[in-house]
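Tertiary structure, described
Each chain, written out:
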Amino acid sequence: MEDRCEICPRPRMEGGSLCPYHQLAYERLKAAFEIWKRALNMGWRQFLEEILKLSDLGLWAREVAESLLKEG
Amino acid sequence: MKRILVVCEKPMAARQIALALDENGDPREERRLGVTYLISRREGLELLVVSAMGHLFTVTGNDKGWRYPIFETRWVPIHEVTGSRRASQHLSLIEALAKEADGFVSACDYDVEGSLIAYNILAHVCPRERLEEAGRMRFSSMTREALLEAWRTRSRRLDYPIIEAGRARHEVDWIYGINLSRALMASLRRASGCFRPLSIGRVQGPTLNFVKEREVEIGAFVPTPYWVLEAHAMIDGVKYGIEYERPRIETEREALEIASRCDGEDGHVKALSSRRRSIPPPHPFSLGDLQLEAHTHYRYSPAATLKIAECLYLKALISYPRTSSQRIPPTLDLEEILKGLRRMRPYGELAESLLSKPPLRINQGVKDDPAHPAIHPTGYHTEDLSPRERRIFDLICRRFMASMGDPAQLLETDAKIDVKGRSFHLARSRLLDRGWMIFYRPFLREREEASPTLEVGQIIEKVSVKPLRRYTGPPQRLNPASLLKLMEREGVGTKATRAEIIDTLFRRGYLEGPPIKLTELGLVVADTLGKYCHEVLSPELTRRLEKQLERVQISEITSTQVVEEAINALKPILSRIKEREFQIGLEISKALRASSSILGLLGPCPKCKTGEMRIIRNRSTGKRFVGCSNYLKGTCSLSFPLPQRGEIRAGGQCPQCGAPIIILKRGRGTYRRCVNPRCGHRGEGGLGG
């Protein structure tokens, strides 16, 4: 469906491809990446792989990270 | 002989009141219309002591049509709405006894609800001139002395400002609840043709939003790394943990650098400091404090704690529990209560230690409640207590005594240890005097820490330092007690209603847990309201109304003004919903469909092969199970039971029987298994747990 979030069946935000919750999670991922990069000097892909191992990663953030990894 | 009808709130309260008021302590029990009442004799009067069953009257609309907006209200006997036979019998008995009575007294709990319960009954059964002469007993505990004093000092008039506030609260809540809920349901019906019960209310809205805000933070949470230095020092053959001056190091490089520089090196004590700290005793419990403490130590929900506390109150063991006060008035005879506690086995020595060191002084809290003092024991005792009652009673007694204890004295010492130019700390604390902690010991976590004797300049040999990677954690999920505390802090709801509101959100299917988790349905409702009528989710609106209701209680404004103001605030919200009814309904409908596909679908039906196996909740029991989507068409009735606790997600199809495999997350464990109890296959790939 065109108006659906790329990850879940919720309607997507205007002008975006994700619903508000997955969009928020994506923004949090980007912000967290800056901290990870500074702390461990790692790239985006490695960051995504690392955070997926953590049980405290939020559900929406996990779904976004999985989807980003799948997209490559 | 003159007869006075004494109206009480509950049967057990009626029994205690009749017993206290009867001059011989032996009231006569009578039964009429299937309901028991008691007759006490006092001062040449015959007192007909009768109980309600909580509210016998309720608010309803003026017509029976299903429409909104609807702003006209009326009060009717509750059995006309619920069909309760018991309520009808109680009211019939009171009507019959009222005809024989020459005077009327309200002896319901002294608060808004109690005053309103008695007023509604008396206004229904009394002739107008008698209602104006009806008296009011005011008491904060059910002890004989308190009840006799309440009888002796009863007012010759009902507490009308409190009653007005109660009527206004019920009317405003009804108007908000019925209109907003109907608006949501009508929108859904208009857009999708489906009917689904959806509800929201004046206090439910902001409470739901508190949970949603937390849920969003948890769902979008991304942990970030930091490092701590785990350091140890051997002093006189004993290993002590020491802390690096910075609790968190942001980069791995820096953490490794410090560790490699300091690990295995000698340090020296650079400075020593110590200070005495006094920890004041706690204040006595308000209801919110008690509910939080009972949840912390026993995991009792706020509603359960309130229920237990009410039983203790009705047994005359504690004061009235629905109080927001943390203060004890100077008129309360502390000595008499302690003498009572001294007779109880677990508290004998503790009470004696307070009695032997007068003067008795309570550490008063900040919050006050004009109607009732903080929760405290009465000094009465009974062995007839359930284990849960005994625990809450113990908590209250110990807290009450602790609030009269001396401050505890703590000695805090800190040794600054320099290792290769980096500062580490050996911090210790030792209790010098337990003070009030003696009374509250079972509920405190005391740690005895060994503390070395050190001197400035002393060499600390071979300090070990290891860098450890840690991650930031998400905000904690709310539990019923912390949600209640949050409502209290934000001024949402009242001490009497908060626990019930939380329970209602669970019953509506908006929340699950504990720990509390927002369901997809809860998220849909909160999202829709947030988009189209955010005021309903804001604590501001309900907080303002609470303030207005408080002003009614002190006769600054009338209940009519408050109800009118509430209606005026609601009208634009409802017209906004009405204007966009179709759009709102469409969004709810889409979101509900989406939510059912997010959580509800578990895979194809192994029996009919065309249906989808989905999680369904039984509307009457609220229990969940798996059923085939073709059940409604009458073509397939396959169903399986499900565990009632924990989060369920689809885990594929069972290779043995074809039924869905579920991934169940409960507590810290994650389990994987086939839903078919006859199969019992554990699925592919163990998840542990």
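Residues numbered from 1 in each chain as written. Chains lettered and ligands numbered in written order. Predicted model: local features only at pLDDT ≥ 70, side-chain atom pairs only at ≥ 80, totals over all residues. Heavy atoms only, no water.

A few words now on the overall build of chain A. From N to C terminus, chain A includes three helices and zero strands. Along chain A, helices and strands appear, N-terminal first, in the series α-α-α. When the backbone C-alpha atoms are referred to their principal axes, chain A occupies close to 40 × 25 × 20 Å. Residues counted as buried form 46% of the 72 residues belonging to chain A. Expressed as a percentage of contacts within chain A between residues at least 6 apart in sequence, the contacts between residues at least 24 apart total 27%. Roughly 4,100 Å² of accessible area belongs to chain A as shown, and the carbon and sulfur atoms make up 48% of that amount. For chain A, the distance from the average position of its 11 positive side-chain charges to the average position of its 12 negative side-chain charges is 4 Å. (Helix = DSSP H or I, 4+ residues; strand = E, 2+ residues; numbered from the N terminus. Buried < 20%, exposed > 50% of the residue type's maximum accessible area, 1.4 Å probe, protein only. Contact = heavy atoms within 4.5 Å. Areas by Shrake-Rupley, 256 points an atom, 1.4 Å probe, with all protein chains shown as cover. Lys, Arg positive; Asp, Glu negative; His and termini not counted. Charge placed at Lys NZ, Arg CZ, Asp CG, Glu CD.)

A few words now on the interface of chain B and chain A. Facing 28 residues of chain B, the contacting portion of chain A comprises 26 residues. Between chain B and chain A, roughly 2,200 Å² of surface is buried when both sides are summed, and carbon and sulfur atoms account for 65% of that area. By the criterion of area lost to chain A, the three top residues of chain B are Ala220, Val222 and Pro223 of chain B, representing 21% of everything that side buries. Viewed at the interface, chain A and chain B are joined by two salt bridges. Where Arg10 of chain A meets Glu520 of chain B, a salt bridge forms, and the shortest distance between an N and an O atom there is 2.9 Å. Between the two partners, chain B and chain A, sit ten residue pairs in polar contact (both at pLDDT 80 or more). Every element with two or more residues in the side of chain B that touches chain A is listed here: helix H8 (204-219), strand S9 (225-235), strand S14 (459-471), helix H17 (520-532) and helix H20 (581-600) of chain B. (Buried area = accessible area lost by both parts, 1.4 Å probe. Salt bridge = Lys/Arg side-chain N within 4 Å of Asp/Glu carboxyl O. Polar contact = N/O pair within 3.5 Å; in protein donor to acceptor, adjacent residues only side chain to side chain.)

A separate point is the pattern of salt bridges. Residue and element names in this part refer to chain B. For the structure shown, the criterion picks out 43 salt bridges over all chains. With its nearest N and O atoms 2.7 Å apart, the salt bridge here joins Arg3 to Glu46. One end of the pair, Arg3, is in strand S1 (residues 2-8); the other, Glu46, is in strand S4 (residues 45-51), and 43 residues separate them in sequence. Owing to a relative accessible area of 25%, Arg3 belongs among the partly exposed residues under this scheme. The exposure class of Glu46 is buried, given its relative accessible area of 6%.

With that out of the way, let us pick up helix H4 (residues 112-125) of chain B. The end-to-end C-alpha distance of H4 of chain B is 20 Å, a good match for the 20 Å that 14 residues give at a rise of 1.5 Å each. Among the 14 residues of H4 of chain B, twelve are classified as buried, and the element is accordingly described as predominantly covered. (Expected span 1.5 Å × (residues − 1).)

Residues and elements named next belong to chain B. Side chains of Arg645, Arg666, Arg673 and Arg682 sit close together on the surface and give a patch of like positive charge. In this fold, Arg673 is placed in strand S23 (residues 669-674). The partly exposed category is assigned to Arg673, whose relative accessible area is 32%. (Patch = residues over 30% accessible without salt bridge, like charges linked within 9 Å, V, L, I, M, F, W, Y side chains within 5 Å.)

Quick look at the confidence of the model for chain B now. All names here are of chain B. Residues of chain B with pLDDT of at least 70 account for 98%, and the chain-wide mean is 90. Taken element by element, chain B is modelled with least confidence in H20, mean pLDDT 74, and with most confidence in helix H14 (residues 387-402), mean pLDDT 97. In the model, residues 685-689 has pLDDT below 50 throughout and makes nine contacts with residues more than four positions away in sequence or in other chains. Per the prediction output, this complex has pTM 0.79; the corresponding ipTM is 0.97. (pLDDT = per-residue confidence, 0-100.)

All names here are of chain B. Strand order in the closed barrel formed by six strands is S9-S10-S13-S12-S11-S14, with antiparallel pairing between adjacent strands. The sheet shows a mean angle of 40 degrees between the axes of neighbouring strands, direction not considered. Of the strand pairs in this sheet, strand S11 (residues 265-279) and S14 are connected by three bridges, and their pairing is antiparallel. Counted as the bridge partner of His268 is Ile459 from S14. (Pairing = 2+ DSSP bridges. Axes fitted to C-alpha atoms, helices over the stretch in contact; angles between N-to-C directions.)

With that out of the way, let us pick up the packing of helix H12 (residues 334-342) of chain B against H14 of chain B. Residue and element names in this part refer to chain B. As a packed pair, H12 and H14 sit with axes 12 Å apart at the nearest point and diverge in direction by 135 degrees. Classed by the angle they form, the pair H12 and H14 counts as oblique. Pair H12 / H14 crosses with left-handed handedness. Between H12 and H14, the contacting residues are Leu334, Ile337, Leu338 and Leu341 on the first element and Cys397, Phe400 and Met401 on the second. Residues belonging to the contact of H12 with H14 are distributed by class as follows: seven nonpolar, no polar and no charged. (Parallel < 35°, antiparallel > 145°, perpendicular 65-115°, else oblique. Left-handed = near helix turned anticlockwise from the far one by under 90°. Nonpolar A, V, L, I, M, F, W, Y, C, P; charged D, E, K, R; others polar.)

This next bit is on the sheet that holds strand S20 (residues 639-641) of chain B. Residues and elements named next belong to chain B. Pairing is antiparallel across the open sheet formed by four strands, whose spatial order is S17-S18-S19-S20. Here the strands that pair on one side only, and so sit at the sheet edges, are strand S17 (601-604) and S20. Ignoring strand direction, the axes of neighbouring strands in this sheet form an average angle of 25 degrees. Sheet topology note: the strand S19 (residues 624-628)/S20 ladder contains three bridges and is antiparallel. Paired with Phe625 across the two strands is Pro641, which belongs to S20.

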